[in-house]
Amino acid sequence: MDFPCDANIGQEDLFLAFTMPQATGADVLGIIAVVDIQHSDAALPEWWKLAASGACRSGNLLASGDFSGNTTCTDPWQGEAVAEIQGYDLGSPRGGANQARIKVACGVAPGLERALDTFAMYYGTRLTLLNGGTTGFAACAGCLGSACLVLNSIEVKRTPGAPGGDLFISSPGPANANWALWRGGQGANCALVPTRNMTWGRLKSLYR
């Protein structure tokens, strides 16, 4: 992501994609994804404060299940998904002043469950950073700094009683495929926000 931080219009899109660890029947309802931000500054700048309300750039972080015109991956929701940001937590996941955690959900309504295979690379959801608040009188400082965005996990939500239950995916593709660099990422250590090895019960408590 190489936005030059010179406009309040436009947007930057980040696609969260995954492959399945096992094939399923028609029982997949959606996903919950966790993306962690690690900034190069000692404290997260105002430009990256994107909570739903009360932050410098509230309203400029969106989620979507619309992948129209995007064909790199497969849309498992077939245009019928809805998505929402469920949380934007400053200081997570490790208590750093230059960290934040995004939790986003995307899926279909009951009755529209999907069957997924182990071959396709699926779109999970799309995060959109709107460019509002970047320049001008009400600008939020800090767009020009570097950051790393790390897709740490995707939990595949299934109907109750589905064989194997919900599926938790935390293994990234090769060559740090779960990292996205903002303005080059220099000075932002992506490795500071990796997924830790934990028990299933511990994971449930963290990601629900």
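Please read all numbers here as calculations on a predicted model, not as lab measurements.

**Some words on the sheet that holds strand S6 (residues 122–130)**
Then step 1. What the 3 strands build is an open sheet, ordered S1-S6-S3; its pairing is antiparallel. Each edge of the open sheet carries a strand with a single partner, namely strand S1 (11–18) and strand S3 (61–64). Sheet twist, expressed as the average angle between the axes of neighbouring strands with direction ignored, equals 20 degrees.
Then step 2. Across 8 bridges, the pairing between S1 and S6 is antiparallel. Across the sheet, residue Gln 11 finds its bridge partner in S6, namely Leu 130.

**With respect to the side chain of Arg 114**
Then step 1. Relative to the helices and strands, Arg 114 is located in the loop between strand S5 (99–107) and S6.
Then step 2. Assessed through its relative accessible area of 8%, Arg 114 is described here as buried.
Then step 3. A polar contact of 3.0 Å, which involves the side chain of Arg 114, links it to the backbone oxygen of Pro 76.
Then step 4. There is a polar contact of 2.5 Å between the side chain of Arg 114 and the side chain of Glu 80.
Then step 5. With near-sequence residues (within four places) excluded, Arg 114 lies in contact with Thr 24, Gly 25, Ala 26, Asp 27, Val 28, Pro 76, Trp 77, Gln 78, Glu 80 and Val 108.

**Section: the pattern of salt bridges**
Then step 1. Inspection of the entire model under this criterion finds 6 salt bridges.
Then step 2. Note that Lys 157 is salt-bridged to Glu 155, the shortest N-O span being 3.6 Å.
Then step 3. With a shortest N-O distance of 2.8 Å, Asp 166 and Lys 157 are connected by a salt bridge.
Then step 4. Judged by its relative accessible area of 19%, Asp 166 is buried.
Then step 5. Three or more residues joined by partner-sharing salt bridges are found here, namely Glu 155, Lys 157 and Asp 166.

**Here's the deal with the packing of aromatic side chains**
Then step 1. Taken as a whole, this structure holds 8 aromatic pairs when the rule is applied.
Then step 2. Measuring from ring centre to ring centre gives 5.5 Å for Phe 15 and Tyr 123, while their planes differ by 50 degrees; the resulting arrangement is tilted. With Phe 15 in strand S1 and Tyr 123 in strand S6, the pair connects residues that are 108 residues apart, well separated along the chain.
Then step 3. You can call Phe 15 partly exposed: its relative accessible area is 31%.
Then step 4. Judged by its relative accessible area of 4%, Tyr 123 is buried.
Then step 5. Between Phe 67 and Tyr 123, the ring centres sit 4.5 Å apart and the planes meet at 10 degrees, which makes this aromatic pair stacked. With Phe 67 in the loop between S3 and strand S4 (82–90) and Tyr 123 in strand S6, this residue pair connects regions lying 56 residues apart in the sequence.
Then step 6. Here a set of aromatic residues connected by ring pairs shows up, and it is made of Phe 3, Trp 47, Trp 48 and Trp 182.

**With respect to the state of the cysteines**
Then step 1. This structure, assessed with the given rule, holds 3 disulfides.
Then step 2. For Cys 148, the disulfide goes to Cys 190, at an S-S distance of 1.9 Å. Its S-S torsion of about 110 degrees marks the bond between Cys 148 and Cys 190 as right-handed, since a negative value means left-handed. Separated by 42 residues along the polypeptide, Cys 148 in strand S7 (residues 147–158) and Cys 190 in the loop between strand S9 (179–182) and helix H1 (200–207) bring together distant segments of the chain.
Then step 3. Note on Cys 190: relative accessible area 5%, which makes it buried.
Then step 4. Taking only the cysteines that form disulfides and numbering them from first to last, the protein has the pattern 1-4, 2-3, 5-6.
Then step 5. Of all cysteine sulfurs, the one in Cys 106 lies closest to Cys 73, which takes part in no disulfide; the gap is 13 Å.
Then step 6. Note on Cys 73: relative accessible area 16%, which makes it buried.
Then step 7. Take Cys 106: its relative accessible area is 4%, and that puts it in the buried class.

The rules behind each value
- Residues numbered from 1 in each chain as written.
- Predicted model: local features only at pLDDT ≥ 70, side-chain atom pairs only at ≥ 80, totals over all residues.
- Heavy atoms only, no water.
- Pairing = 2+ DSSP bridges.
- Helix = DSSP H or I, 4+ residues; strand = E, 2+ residues; numbered from the N terminus.
- Axes fitted to C-alpha atoms, helices over the stretch in contact; angles between N-to-C directions.
- Buried < 20%, exposed > 50% of the residue type's maximum accessible area, 1.4 Å probe, protein only.
- Polar contact = N/O pair within 3.5 Å; in protein donor to acceptor, adjacent residues only side chain to side chain.
- Contact = heavy atoms within 4.5 Å.
- Salt bridge = Lys/Arg side-chain N within 4 Å of Asp/Glu carboxyl O.
- Phe/Tyr/Trp six-rings, centres within 6.5 Å; stacked < 30°, edge-to-face > 60°.
- Disulfide = S-S within 2.5 Å.

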